[in-house]
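Chain residues, written in single-letter form:
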Amino acid sequence: MIAIIDYGMGNLHSVSKAVERLGYAYEVTADKERIMNAEGAILPGVGAFGDAMEELEATGLKETIIQYAASGKPLLGICLGMQLLFTQSEEHGQHAGLNLLPGQVVRFRGDFKVPHMGWNRLKFHQQSPLFRGLEEGHVYFVHSFHVQLEQDGDLLASTDYFGQVTAIVGRNNVYGMQFHPEKSGEIGMKLLDNYLSLCRKPLSVNP
Amino acid sequence: MLAKRIIPCLDVKDGRVVKGVNFVNLRDAGDPVELAAIYDKENADELVFLDISASSEGRATMIEVVRETAGEISIPFTVGGGISSVDHMKNLLRAGADKIGINTAAVLNPQLVSDGARKFGSQCIVVAVDAKYNEAWGEWEVYTHGGRKPAGIRALEWVRKMEQLGAGELLLTSMDADGTKDGFDISLTRAVADLVSIPVIASGGAGNSGHFYEVFTAGGADAGLAATIFHYKELTIQGVKEDLLKKGVEIR
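Counting restarts for each chain: residues are numbered from 1 in the order of the written sequence. Key to labels: chains lettered from A, ligands numbered from 1, both in the order written. Per-residue local features are limited, in this predicted model, to residues with pLDDT of at least 70; the limit for side-chain atom pairs, both in listing and counting, is 80 or more; totals at the level of whole chains, interfaces and linings are taken over all residues. Side-chain measures were taken over the full set of non-hydrogen atoms in the model, leaving aside hydrogen atoms and water.

An account of the pattern of salt bridges is needed here, citing residue identities and associated values.
All names here are of chain A. Whenever a carboxyl oxygen of Asp or Glu lies within 4 Å of a side-chain nitrogen of Lys or Arg, that contact is scored as a salt bridge. Applying the stated criterion across every chain, the model contains 21 salt bridges over all chains. Here Arg 34 and Glu 27 are joined by a salt bridge, their closest N and O atoms 2.6 Å apart. Classification of residues uses two cut-offs on accessible area relative to the type maximum, computed with a 1.4 Å probe and protein chains only: under 20% is buried, over 50% is exposed, and between them is partly exposed. For Glu 27, a relative accessible area of 24% puts it in the partly exposed group. Across the salt bridge formed by Arg 171 and Asp 154, the nearest N and O atoms sit 3.0 Å from each other. In this pair, Arg 171 is assigned in strand 13 (residues 164–171) and Asp 154 in the loop between strand 11 (145–149) and strand 12 (155–160), connecting sequence segments 17 residues apart. We classify Asp 154 as buried; its relative accessible area is 3%. A run of DSSP states H or I qualifies as a helix once it reaches four residues; a run of E qualifies as a strand once it reaches two. Both are numbered from the N-terminal end.

Next up, the structure:
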């Protein structure tokens, strides 16, 4: 079972249905035990960083997610959910994140359109199980803030929007996608499918 | 760089697609969910549903259509038509719509745009502007009620005001070009695109893939929208995209 973590932010319908179409059982849940027992988890999110962290703290989900990530089972943050994985965000004041990955969430700065909204092309930076059977292509972004990584090694894919923008991150069992895979056509569904297939097997199996 | 978007538009009345759609292998030519799924497969970048239901029952049905569509497709979609309250927006967004299109209601109550943007974010708010050239003014005038009523508002002033109020995108329909298949209204689109720094979706007049090229280059549009020519297979989305790609336009 895939736990889609529900903390009252944003619309979980599209991502849930995408998981269902890919043939995985899922549960939209805020229950600690259900999340800890899941084979994989997705942390979605639309809205403001500070509000989201407040919700996660008020509901105790912050601790649950940190514990879950420590268990070694796969975790995928989508859009705001990816940003929440990082150290800190400057969206409407400084807010601490889950700090599962080191980095800062900062606003786009420059003389160009914000939000970065629309289809933009992924550039892969390293091999990843998420990219199995995939070529670089366009995915759908909607965001005004972006992640500045502290460690280049966490960058799996970027896109170009008046400079390099972090698009997919990954370290061990923790992954994030800044764009919406559930709104990104075939490529998005394949990325999601590749992530979900990681949730099926234990991570440390000796062949 | 962002890819230019090709967007088919479906008119829906009481939960059924109107203005016939001429696809083969269609189980039900009036089913908006099935059509949306087909356009997703045909590589549309986004979809627009225009709800032309006149009754509240028809509008309630639209929520169901949205919920089902969101479960079937993997591209973003906008719902517009008759949306005049923040609650109504919330219901459609909760059901899975990505963006809300506001037209007449924005003219009657511009604050709806700012209220919606504040509550859901600018990226959710698409202001639809129907514009027609007014000879006496020597510029374009805004129309409401599906293009039936002149609003007495200058379109170029209007689009700036909408941007200031928090519109995330403009869906700009040229009533002069609409239905002609002679091409988008390049001068209108260019005038608007030069004035605002939010994306402009050009609509009205598409007849061939060259028209999309023109509106993306000379017109400065970020997206091109069409209905009949796609529904009747006079053009395919993939065909338009292949032509654009050959001419060096970034598409997905």
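Got a sec to walk through the environment of Asn 103 of chain B? Specific residues and values, please.
All names here are of chain B. Secondary-structure assignment places Asn 103 in the loop between strand 5 (99–102) and helix 4 (104–108). Taking C-alpha positions, Asn 103 is 20 Å from Val 18, a pair spaced 85 residues apart along the chain. Other than its neighbours up to four places away in sequence, Asn 103 contacts Ala 128, Asp 130 and Tyr 143. A contact between two residues is defined here by any heavy atoms of the two lying within 4.5 Å.

Describe the interface of chain B and chain A, and please don't skip the residues or the numbers.
Contacts between the two partners involve 31 residues from chain B and, on the opposite side, 24 residues from chain A. Two parts placed together each lose some accessible area under a 1.4 Å probe, and adding up what both lose gives the buried area. A combined buried area of about 2100 Å² lies between chain B and chain A, and 56% of that area is made up of carbon and sulfur atoms. Of all residues in chain B, Met 1, Leu 2 and Ser 74 of chain B bury the most surface against chain A, accounting for 29% of the area lost on that side. Taken together, the connections running from chain B to chain A amount to two salt bridges. In this structure, Asp 222 of chain B engages Lys 113 of chain A in a salt bridge whose closest nitrogen and oxygen atoms are separated by 3.3 Å. Side-chain atoms alone can form a polar contact between residues adjacent in sequence; in general such a contact is a pair of N or O atoms within 3.5 Å, and within protein one must be able to donate a hydrogen while the other accepts it. Run the count over chain B and chain A and you get 13 residue pairs in polar contact (both at pLDDT 80 or more).

Talk me through helix 1 (residues 13–21) of chain A; I want residue IDs and the actual numbers.
Among the residues of helix 1 of chain A, those classed as buried are His 13, Ser 14, Val 15, Ser 16, Ala 18 and Val 19 of chain A. Positive phi shows up at Gly 23 of chain A, right after helix 1 of chain A, with a value of about 90°.

Requested: an account of the sheet that holds strand 11 of chain A, with residues and values cited.
The strands that make up a sheet are held in pairs by hydrogen bonds between backbone atoms, and each pair lies either parallel or antiparallel. Residues and elements named next belong to chain A. Note on pairing: two strands pair once DSSP finds at least 2 bridges between them. Taken in spatial order, the four strands of this open sheet run 6-5-7-11, and their pairing is mixed. Each edge of the open sheet carries a strand with a single partner, namely strand 6 (95–96) and strand 11. Bridging between strand 5 (residues 88–89) and strand 7 (residues 103–107) involves two bridges; their strand directions are parallel. Along strand 7, the bridge assignment pairs Gln 88 with Gln 104.

Kindly report on the pairing of strand 13 of chain A, identifying the contributing residues and their values.
Residues and elements named next belong to chain A. Counting buried positions along strand 13 yields six of eight residues, so the element is predominantly enclosed. With five bridges joining them, strand 12 and strand 13 adopt antiparallel strand pairing. Paired with Leu 155 across the strands is Val 169, a residue of strand 13. Hairpin geometry of strand 12 and strand 13 is characterised by an intervening segment of three residues between the two adjacent antiparallel strands and by a positive phi of about 50° at Phe 162. Judged from the four bridges that link them, strand 13 and strand 14 (residues 174–177) form a sheet pairing that is antiparallel. The residue of strand 14 that forms the bridge with Gly 170 is Tyr 175. Counting the residues that bridge the hairpin from strand 13 to strand 14 gives two residues, and of these Asn 172 lies at a positive phi of roughly 50°.

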